[in-house]
Amino acid sequence: MEGFAAQLSDSELDLLKKLPGVVAVRPDTRLQLHTTYSYKFMGLTPARKDAWYQSGFGHGTIIGVLDTGVWPESPSFNDRGMPPVPGEWKGICQQGQDFDSSNCNRKLIGARFFTKASPANTIQEYASPRDSHGHGTHTSSTAGGASVPKASVLGNGGGVARGMAPGAHIAVYKVCWTNGCYSSDILAAMDTAIRDGVDILSLSIGGFPLPLFADSIAIGSFRAVEHGISVVCAAGNSGPLQYSVANEAPWIATIGASTLDREFPAIVQLGNGEFLSGESMFPGNEFPSTTKEFELVYAPAGGKKGSEFCFAGSLPKVKIQGKMVVCDRGVNGRAEKGQVVKQSGGGAMILANTAINMEEDSVDVHVLPATLVGFTESLRLKAYINSTRNPRARIVFGGTVIGKSRAPAVAQFSARGPSFTNPSVLKPDVIAPGVNIIAAWPQNLGPTGLPEDSRRVNFTVMSGTSMACPHVSGIAALIRSAHPKWSPAAVKSAMLTTADVTDHSGNPRVFAMGAGHVNPQRAIYPGLIYDIRPEDYVTHLCTLGYTRSEIFTITHRNVSCSELLKMNKGFSLNYPSISVIFRQGTRRKMMRRKLTNVGRPNSIYSVEVKAPEGVKVRVKPTKLHFKQRNQVLSYRVWFISRKRMTREKLSFAEGHLTWINSQNHLTRVRSPISVTWKRK
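Residues numbered from 1 in each chain as written. Predicted model: local features only at pLDDT ≥ 70, side-chain atom pairs only at ≥ 80, totals over all residues. Heavy atoms only, no water.

1. Re the pattern of salt bridges
A full pass over the atoms with the stated rule returns 21 salt bridges. Of the charged contacts in the structure, one is a salt bridge between D429 and K492, with a shortest N-O distance of 4.0 Å. With D429 in the loop between β22 (401–402) and β23 (430–433) and K492 in helix α11 (residues 488–497), the pair connects residues that are 63 residues apart, well separated along the chain. Exposure remark for D429: the relative accessible area of 2% places this residue in the buried category. Residue K492 is classed as buried on the basis of its relative accessible area of 5%. Between E535 and R533 there is a salt bridge; the shortest N-O distance is 3.7 Å. (Salt bridge = Lys/Arg side-chain N within 4 Å of Asp/Glu carboxyl O. Helix = DSSP H or I, 4+ residues; strand = E, 2+ residues; numbered from the N terminus. Buried < 20%, exposed > 50% of the residue type's maximum accessible area, 1.4 Å probe, protein only.)

The structure is reproduced here in structure tokens:
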């Protein structure tokens, strides 16, 4: 037995810590939960011989999803056309409240629930793998949901809904409940998933950055990677703050969120004839009466504290009856504000972004006619309200529009790097669609998820790095299906080195988007990969100064760092991205990298470098000639700082290093470079 979870008194805890066989005692921490079109936006289409065909749509791969459970009756989990359950699968369909083995099939091949940290008798929800919240149904269908024709959310965003790997099997591990997701349940589920035989683990769960030895997801995922399982996690929704990225272990694929070029216009026409652009998924086109003009009101006189945010009980009915209420975004939920307005007698709502949200446009299927406007438009809206005694407005709903906006761009909320605990590895790794994603939804909830919402749908819209993560889990399943013998590091390298580089996300870009926007089309055949063995991660932990007991806590390997570092002089982790840190007094850094040829034999690659500002970059050799498939060649790269240390504690620069196939010039193996100067 390597460990256990227990409820202990303080004195028992002290006693346990002193026992000679005890390596570490960690408190149970509570973590939080961080599509009809996104697959097309990413270039996946069943109409031509693309990544879906080359990978068999993910056939034979098993994606394990740790989340709030699943609604098995959703059409996204229909097993029509699915191959038999893989013979090596050891999982079960765990019986519980309103759930038994008949709820599993060839698509949903396993389902379990974990309640030790959140005992079921204290939870007013299904004591079974059945989903009470919708989040898990949404994420698992995004990763591997079946094709569902004529899918929409009350008429918006219509099309064929498909997961990223529609041919993959799904196994669900319910670890998140009303009061959160506890680390002991998560660790137990990861251990079980490894034994069950999953190929990919998808976790849209996280908290704040933690040292790796105190991070249960980092510890559980190291064990998974040792067993050849790719682990994909959400980066978190604490952006745009620097150092906010979570799930930052180097063996995890850490995913930020990006936008799609799909909009749901709901324009505000003010009484003075001006227009404000907004977005909403309220089915306004189905109710012509919703376009009528309303009197506008914001933070009404006589309202209680928090009326500008439309808190429950803050709006005086007499002041807002039949009017359009402006609610500032923040504190309480977006859709919840609409419910408060509706209960107080309001006729419509404008949700106004504040300086925190800027122009970020997460839409909702509101319970009343409503739209969301960006920060710039909200300032114009409030200026208009203050300019007249009788402010009036109407909302004009425009349905679904594709291709009119610049995308992908990094979502405002997507957590940013650099990594707080390990800046020598660039995080997040990549970005993927995470704004206004349509995916499966339980039939016991309305599209807003609010208890008062009596409407019923098979699909709804959600935003977050929680939605971006399963996109990449599905793409990892496609790569794994095309290359079943590849290591988790090889799968991740394929996604990082072939990512699209977008330029709409502010400065510095690499800490927002990592290597770029994931491109499944190119990731299937990346040409070259940067491979990493589990023992390389152990050496990397030594270079970070982790102690013997801390490394044992993470890896369950008893190692001598002095011996390891003596054997691996000048070690640098063979990561697909490059992060250089110049501390005061340091002007030169050298790094080694190894590339494995997974393309054709007799391939020649030449290097192209865009040096970060203030840094000279030298690469040796500048050409790599791979005579055979799976041949490994190495190169060294020197970084020489030409920048004087300024008074600023921190400064950054970025560039890239790309190996280009000399024969076809199409295969490009790109590594982003981030450079940090630290005064201390």
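There is more to say after this.
2. Quick word on the state of the cysteines
Linking two cysteines covalently through their sulfur atoms gives a disulfide. Under the criterion given, the structure shown has four disulfides. Shown here is the disulfide that connects C310 with C327, its sulfur atoms set 2.0 Å apart. Looking along the S-S bond of the C310-C327 disulfide, the torsion reads about -90°, which is the left-handed sense. Remark: C327 occurs in strand β18 (residues 324–328) and C310 occurs in the loop between β17 (294–298) and α7 (317–320); sequence separation between them is 17 residues. By relative accessible area, C310 is classed as buried at 0%. The side chain of C542 participates in a disulfide bridge whose partner is C561; the two sulfur atoms lie 2.1 Å from each other. Across the S-S bond of C542 and C561 the torsion is about -80°, and the bridge reads as left-handed. One end of the pair, C542, is in helix α14 (residues 534–543); the other, C561, is in helix α16 (residues 561–567), with 19 residues separating them in the sequence. (Disulfide = S-S within 2.5 Å.)

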